[in-house]
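Residue-level structure breakdown
Listed here are the chains, written in short residue letters.
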Amino acid sequence: MPSDADLLVVKDLTYSYLGRFPALDGVSLSVQRGEKVALLGANGCGKSTLLKVIDGLVFPDSGNYIAFGEEVTEDKLEDQQFNEGFRSRIGFIFQNSDAQVFSPTVREEIAFGPLNMAMDRRQVETRVVDTLEMLGIAELADRAPYQLSGGQKKRVAIASVLVMNPDVLLFDEPTAALDPRSQQWLMELIVELSDAGKTIILATHDLGTLDVLADRCVVFSEQHQVVAEGPPGKILADRDLLLGVNLIHEHTHLHGDLAHHHVHEIGHHQEPEPLPDLTARRTVQ
Ligand SMILES: Nc1ncnc2c1ncn2[C@@H]1O[C@H](COP(=O)(O)OP(=O)(O)O)[C@@H](O)[C@H]1O
Ligand SMILES: [Mg+2]
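Residues numbered from 1 in each chain as written. Chains lettered and ligands numbered in written order. Predicted model: local features only at pLDDT ≥ 70, side-chain atom pairs only at ≥ 80, totals over all residues. Heavy atoms only, no water.

**Concerning the packing of helix H6 (residues 150–162) against helix H7 (residues 180–195)**
Orientation of H6 relative to H7, taken along the N-to-C sense of each, is 15 degrees, at an axis distance of 11 Å. Here H6 is positioned roughly parallel relative to H7, judged by the angle of their axes. Between H6 and H7 lies a crossing whose hand is right-handed. Where H6 approaches H7, its residues Gly151, Lys154, Arg155, Ile158 and Leu162 are matched on the opposing element by Ser182, Trp185, Leu186, Leu189 and Leu193. (Axes fitted to C-alpha atoms, helices over the stretch in contact; angles between N-to-C directions. Helix = DSSP H or I, 4+ residues; strand = E, 2+ residues; numbered from the N terminus. Parallel < 35°, antiparallel > 145°, perpendicular 65-115°, else oblique. Left-handed = near helix turned anticlockwise from the far one by under 90°. Contact = heavy atoms within 4.5 Å.)

**Here we look at the pairing of strand S4 (residues 62–67)**
Within a regular beta strand, the side chains point alternately toward one face of the sheet and then the other, so they alternate between its two faces. Note that strand S1 (residues 6–17) and S4 share five bridges and pair antiparallel. When the sheet's bridge partners are listed, Lys11 is paired in S4 with Asn64. Judged from the two bridges that link them, S4 and strand S5 (residues 70–71) form a sheet pairing that is antiparallel. Across the sheet, Ile66 pairs through a bridge with Glu71, a residue of S5. Between the antiparallel neighbours S4 and S5 lie two residues, among them Phe68 with a positive phi of about 50 degrees. (Pairing = 2+ DSSP bridges.)

**Considerations on the site of ligand 1**
Taken together, the neighbourhood of ligand 1 is formed by Tyr17, Phe21, Pro22, Ala23, Ala42, Asn43, Gly44, Cys45, Gly46, Lys47, Ser48 and Thr49. Within the side chain of Ser48, a nitrogen or oxygen atom sits 2.8 Å from an oxygen atom of ligand 1. Alone, ligand 1 offers 560 Å² of accessible surface; in the complex the protein occludes 64% of this. Elements represented by at least two residues in the shell around ligand 1 include exactly strand S2 (21–32) and helix H1 (47–54). Grouping the amino acids of the shell around ligand 1 by side-chain chemistry returns six nonpolar, five polar and one charged. (Near = heavy atom within 4 Å. Polar contact = N/O pair within 3.5 Å; in protein donor to acceptor, adjacent residues only side chain to side chain. Areas by Shrake-Rupley, 256 points an atom, 1.4 Å probe, with all protein chains shown as cover. Nonpolar A, V, L, I, M, F, W, Y, C, P; charged D, E, K, R; others polar.)

**A look at the nonpolar core**
Counting 48 residues, the largest nonpolar core has Ile137, Ile158 and Phe171 as its most contacted members. Not counting residues within four places of it along the chain, the set of residues in contact with Phe171 comprises Leu51, Ile93, Ile158, Leu186, Ile190, Leu193, Ile200, Ile201, Leu202 and Ala203. Grouped together as the second largest cluster of nonpolar side chains are 33 residues, Leu24, Val31, Phe68 and Phe220 included. (Core = buried A, V, L, I, M, F, W, Y, C linked by side-chain atoms within 4.5 Å. Buried < 20%, exposed > 50% of the residue type's maximum accessible area, 1.4 Å probe, protein only.)

**A look at the confidence of the model for the protein**
Summary statistics for the protein give a mean pLDDT of 88 and a share of 87% for residues scoring 70 or more. Scored below 50 in pLDDT, residues 256–285 makes 57 contacts in the model with residues more than four places away or belonging to other chains. (pLDDT = per-residue confidence, 0-100.)

**Some words on the side chain of Lys154**
By the secondary structure assignment, Lys154 is in helix H6. One buried charged side chain, Lys154, makes no salt bridge at all; its nearest oppositely charged neighbour is Asp172, positioned 8.2 Å away. (Lys, Arg positive; Asp, Glu negative; His and termini not counted. Salt bridge = Lys/Arg side-chain N within 4 Å of Asp/Glu carboxyl O.)

Take a look at the structure:
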């Protein structure tokens, strides 16, 4: 049941691309302010599509979506005031930064959103400088985004979203295709943003990051339905569930550093449960 604390509520969403390719089938989900929620599932299960609905980029065939207490529809988003209010409160970091980063310089890229919102130029400059600093990319300010490395582009894409100071951040496969150092950096950033009060929703099939990145996991089946929900420790311990949704395969060994990680989380009142092996998961993309 949705409550007042629910910042975002999707109810019974169904969506097919071109009316033919199912992506979401009766998906319901509530997200509370300040939560870190991971959408978990095999490739093609509908995670990115749900993020697009939450960002108001696609509209469900049926069901509805309520953000900040108001239903979000295509019609409503045509209203400039509603559009600006909604867009300033939710930011989407795409899986592929190339699809997000398009300005001639990093500085212009980051200034684009605020300028578009008709923010005062001086104020925009200050914000851009602060955001560049925060993401450790001040020295890239005058570079062309398309010339940057994948990790640098990711930082620019994140900067272009954070400069708007949204309440909700949507990350699509945040750690995919990043080198280990950038992955670590991004995980730490997400935790920092969460600690600062941001609501985080991320899509992933990377089981090894859930412990840090999620308070709650929402598991999708390959039939585009939500089949389970729970804290990472519980979800990761459910081997049958993970097998059933194709997140692990039958030869995945249930041991490894992840289990270690969880001992603290689970506490002393319970035996640590077996968890998927981090090395095995690399083979089950
Ligand atoms: N632009 C598109 N046109 C047609 N089908 C699509 C498109 N984008 C995604 N799909 C299909 O919708 C389903 C869900 O995709 P997606 O939301 O991208 O899944 P995930 O992010 O979990 O990998 C998949 O079957 C995918 O093939
Ligand atoms: Mg996806």
